[in-house]
Amino acid sequence: LPDTTLVRSCMGLAMTLVWSPALSQTSDENHCMSPDPVVQIKGCTTVIDSKTESSAGLAVAYSNRGNAYARRGTYELALADLTKAIALAPNDPENYNSRAWAYHLKGDDAKGLPDVQKAIAMRPGNGDTIETRAEIYEKLGQRDKAVADYRATLKLSTSGSQAVRDAQAGLKRLREVE
């Protein structure tokens, strides 16, 4: 993967490390929110194994652990956890986008496309999610769709954001510099 794609994956996946009121502030739960994937995996595993969290709290823990596994390149574990997060929180588009990104990192873009499509349907106009789809389209050889999504990302995302940098890099790779 190009350096910008790897950076985007870390940045984008780290964005799911949001505070959830479902998770109280214990040490393990704070570790489940850590930017360090090793610490995060351990903390989230403890939270999951505690059997004390609500469904919403478990969804956050599975999502965070899945994203940490993806950052470490352990894609099967990432996909399993993100699938559990989706089962627990089926209306959260970020879980679908994260699973699509994990499939993309694994090199299985065809399996990630339906997830990112669902995330976009749930949250239209989100530049980060559209940029995920652009990268998937690019890898699937659907150049025109990738270019259109990269351009849409530039219009929808904040100037200087990671999504904008990744969209610019994608357009440069496709020789469609904006």
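Note that the structure is a prediction, hence the values are computed from the model and not measured. (Residues numbered from 1 in each chain as written. Predicted model: local features only at pLDDT ≥ 70, side-chain atom pairs only at ≥ 80, totals over all residues. Heavy atoms only, no water.)

Now for the pattern of salt bridges. If charged atoms from side chains of opposite charge come close, those side chains can pair. In the structure shown here, the tally under the stated rule is nine salt bridges. The residue Arg-123 makes a salt bridge to Glu-94 at a minimum N-O spacing of 3.1 Å. Of this pair, Arg-123 sits in the loop between helix 7 (109-122) and helix 8 (127-139) while Glu-94 sits in helix 6 (residues 93-106), and the two are 29 residues apart along the sequence. In this structure Glu-94 comes out as buried when scored by relative accessible area, which is 18%. (Salt bridge = Lys/Arg side-chain N within 4 Å of Asp/Glu carboxyl O. Helix = DSSP H or I, 4+ residues; strand = E, 2+ residues; numbered from the N terminus. Buried < 20%, exposed > 50% of the residue type's maximum accessible area, 1.4 Å probe, protein only.)

Here the focus is the state of the cysteines. For the structure on display, the rule yields one disulfide. One disulfide bridge connects Cys-32 with Cys-44, the sulfur atoms lying 2.0 Å from each other. What sets the handedness of the Cys-32 and Cys-44 disulfide is the S-S torsion sign, and at about 95° it is right-handed. Pair noted here: Cys-32 is in helix 2 (residues 27-32) and Cys-44 is in helix 3 (residues 37-50), with a separation of 12 residues, a long-range link. With respect to class, Cys-32 is no different from Cys-44; both count as buried. (Disulfide = S-S within 2.5 Å.)

This part takes up helix 4 (residues 55-72). An ideal rise of 1.5 Å per residue puts 26 Å on 18 residues; helix 4 measures up with 25 Å between its terminal C-alpha atoms. Where helix 4 terminates, the next one or two residues include Gly-73, which has phi positive at roughly 85°. (Expected span 1.5 Å × (residues − 1).)

Before going further, it helps to examine the packing of helix 6 against helix 8. How two helices sit against one another is set out by the angle between their axes and by the gap between those axes. One can describe the packing of helix 6 onto helix 8 by two numbers: an axis separation of 10 Å at closest approach and a directional angle of 25°. When the axis of helix 6 is compared with that of helix 8, the two are roughly parallel. Here helix 6 runs over helix 8; the crossing is left-handed. The segment helix 6 lies against helix 8, with Asn-97, Ala-100, Trp-101 and His-104 engaging Thr-129, Thr-132, Glu-135, Ile-136 and Lys-139. Classifying every residue of the contact of helix 6 with helix 8 by side-chain character gives three nonpolar, four polar and two charged. (Axes fitted to C-alpha atoms, helices over the stretch in contact; angles between N-to-C directions. Parallel < 35°, antiparallel > 145°, perpendicular 65-115°, else oblique. Left-handed = near helix turned anticlockwise from the far one by under 90°. Contact = heavy atoms within 4.5 Å. Nonpolar A, V, L, I, M, F, W, Y, C, P; charged D, E, K, R; others polar.)

Membership of the largest hydrophobic core comes to 14 residues, with the highest contact counts inside it found for Leu-113, Val-116, Ile-136, Ala-146, Tyr-150 and Leu-174. Of all the elements, helix 8 adds the most residues to this core, at four residues. Membership of the second largest hydrophobic core comes to 11 residues, among which are Ala-68, Tyr-69, Leu-82 and Trp-101. (Core = buried A, V, L, I, M, F, W, Y, C linked by side-chain atoms within 4.5 Å.)

A separate point is the environment of Gln-40. With respect to the helices, strands and loops of the structure, Gln-40 is situated in helix 3. Exposure remark for Gln-40: the relative accessible area of 0% places this residue in the buried category. C-alpha separation for the pair Gln-40 and Tyr-69, spaced 29 residues apart in sequence, amounts to 9.2 Å. Polar contacts involving the side chain of Gln-40 include one to the main-chain carbonyl oxygen of Cys-32, which spans 3.2 Å. (Polar contact = N/O pair within 3.5 Å; in protein donor to acceptor, adjacent residues only side chain to side chain.)

Here we come to the environment of Glu-131. Within the secondary structure, Glu-131 sits in helix 8. You can call Glu-131 buried: its relative accessible area is 0%. Between the alpha carbons of Glu-131 and Val-116 there is a distance of 9.8 Å; along the sequence they are 15 residues apart.

Right, let's get into unusual backbone geometry. Within the chain, Lys-51 stands out as a residue other than glycine whose phi angle is a positive 60°. Its place among the elements puts Lys-51 in the loop between helix 3 and helix 4.

Okay, the confidence of the model for the protein next. Overall, the predicted model of the protein reaches an average pLDDT of 87, with 84% of residues at or above 70. When the criterion is pLDDT under 50, residues 1-24 qualifies, and its contacts beyond four places in sequence or with other chains add up to 64 contacts. (pLDDT = per-residue confidence, 0-100.)

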